[in-house]
Amino acid sequence: MSKILVIGAGGQIGTELVLALRKLKGNQAVIAADVKDTCPSLLAEGPYVKMDILDRELVRGYIINNAITEVYLLAALLSATAEKNPDFAWKLNMEGLFTILDLAKEGHLSKIFWPSSIAVFGPTTPMDNTPQHTIMEPSTVYGISKQAGERWCEYYFNKFSVDVRSIRYPGLISYKSLPGGGTTDYAVDIFYKAKAREKFTCFLKEDTALPMMFMDDAINATIQLMEAPSENVKIRSAYNLGGISFTPKTISAAIKKVMPDFEIVYQPDFRQAIADSWPNSIDDSYAEKDWGWKHQFDLDAMVKVMLENVNVELVAAK
Ligand code: NAD
Ligand code: SER
């Protein structure tokens, strides 16, 4: 029987991942953990523990004493927030990973999921249909931490047989919880403004293409990768994962098909340079070949679901 701990469960991915894992494994088998004092209301049907991933001894004690078998480590600072506090971003994004990798190395965990990002790529990477194995010279602290994390994951697998699995998520789009400070957040924010019938000011230029994905696809990929037989998981740094690629102009055109009065204006800020250093689109053929990955949601399908489901009160309550 697996006993799963999701650390950073109160965030954009964690909320939906915990819900999906609980559906699969049962409420009591999946413990949500976050540094936040209170459990997000969506996760109230299962166990919640307040936990700071930087408190190494507390995390070790909890995992060992509660016989946790699998950890999904999601706590991190994302690209835009990390640029504002690079020292802390490096500390948070790296120290937590070592705590969990070491527990697995010592035999306390059988499997780990730790997410990487398209931020591992940089301005010298081929931008279109970016290959799995290519030049990686990230120019953000977030990207540097993810690339270093990938190298350490692969090292722990090779040297200590730690069963660690990872995906380079593209920008994720969802409505159950708000995004946490990334460069791709515009593609979520845009729906709240559209739904509120307000003009949207985009912090990227209209022609900035980025790889993106609807959250249901990302959650399915994560669970598919974690459920795959170990021998099928041939890449132990992180898998490229493609979904949809679009620009602010294309997504606003897709929204206008449903809401013809929707208006967008462009006011690029520091996040433009981050976006310019990332790929336009991703080649995910290794994920397809190794564990059967295929995305479901195209742009129009994702726009439809988002417009039907975003709740503008979430933003007001933030
Ligand atoms: P998020 O910011 O929405 O959520 C992160 C969660 O971690 C928050 O609930 C936060 O309270 C918690 N947290 C922060 N510090 C903590 C600490 N010290 N101890 C415990 N919990 C702490 O982030 P997200 O979008 O859900 O991303 C999760 C992971 O996926 C991150 O590693 C991120 O880099 C990666 N990722 C996300 C995306 C995306 O588009 N959302 C894309 C690529 C990679
Ligand atoms: N969505 C993330 C970000 O923009 C990509 O890792 O930071």
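Relevant structure appears above.
Let me sum up the structure you'll find in this document. (Residues numbered from 1 in each chain as written. Chains lettered and ligands numbered in written order. Predicted model: local features only at pLDDT ≥ 70, side-chain atom pairs only at ≥ 80, totals over all residues. Heavy atoms only, no water.)

Some remarks on the pairing of strand S11 (residues 210-214)
Move 1: Within S11, five of the five residues are buried, leaving the element largely enclosed by the surrounding structure.
Move 2: Covered by surrounding structure in S11 are Leu210, Met212 and Phe214 together with Pro211 and Met213, the residues of both alternating faces.
Move 3: With three bridges connecting them, strand S9 (residues 171-173) and S11 associate as parallel partners. Bridging across to S11, isoleucine 173 finds its partner in phenylalanine 214. (Buried < 20%, exposed > 50% of the residue type's maximum accessible area, 1.4 Å probe, protein only. Helix = DSSP H or I, 4+ residues; strand = E, 2+ residues; numbered from the N terminus. Pairing = 2+ DSSP bridges.)

Remarks on the site of ligand 1
Move 1: Taken together, 27 residues form the shell around ligand 1, and within it Gln12, Asp34, Asp52, Tyr142 and Lys146 come nearest.
Move 2: Between ligand 1 and the protein, one listed contact pairs an oxygen atom with a backbone N or O atom of glycine 11 at 3.1 Å.
Move 3: Contact distances for ligand 1 include 3.3 Å between a nitrogen atom and a backbone N or O atom of valine 35.
Move 4: Burial of ligand 1 by the surrounding chains reaches 91%, relative to a free accessible area of 830 Å².
Move 5: Mapped by element, the contributors of at least two residues to the shell around ligand 1 are helix H1 (12-25), strand S6 (116-117), helix H5 (141-160) and S9.
Move 6: Tallied by class, the residues present in the shell around ligand 1 amount to 14 nonpolar, nine polar and four charged. (Near = heavy atom within 4 Å. Polar contact = N/O pair within 3.5 Å; in protein donor to acceptor, adjacent residues only side chain to side chain. Areas by Shrake-Rupley, 256 points an atom, 1.4 Å probe, with all protein chains shown as cover. Nonpolar A, V, L, I, M, F, W, Y, C, P; charged D, E, K, R; others polar.)

Some details on the environment of serine 177
Move 1: Looking at where serine 177 falls in the secondary structure, it is placed in the loop between S9 and helix H6 (186-195).
Move 2: Judged by its relative accessible area of 10%, serine 177 falls in the buried class.
Move 3: What serine 177 contacts, discounting residues up to four positions off in sequence, is Gly11, Gln12, Thr15 and Leu314.
Move 4: A polar atom in the side chain of serine 177 sits 3.5 Å from the backbone oxygen of glutamine 12. (Contact = heavy atoms within 4.5 Å.)

What about the sheet that holds strand S3 (residues 48-50)?
Move 1: The six strands lie next to each other as S3-S2-S1-S4-S5-S7, forming an open sheet whose pairing is parallel. Strands at the two margins of the open sheet, each flanked by one partner only, are S3 and strand S7 (164-165).
Move 2: Pairing analysis gives two bridges linking strand S5 (residues 111-113) to S7, with the strands arranged parallel. Within S7, the residue paired with isoleucine 112 across the bridge is valine 164.
Move 3: Against the sheet, helix H7 (residues 215-227) engages strand S4 (70-73), S5 and S7, with an angle of about 160 degrees to S5. (Axes fitted to C-alpha atoms, helices over the stretch in contact; angles between N-to-C directions.)

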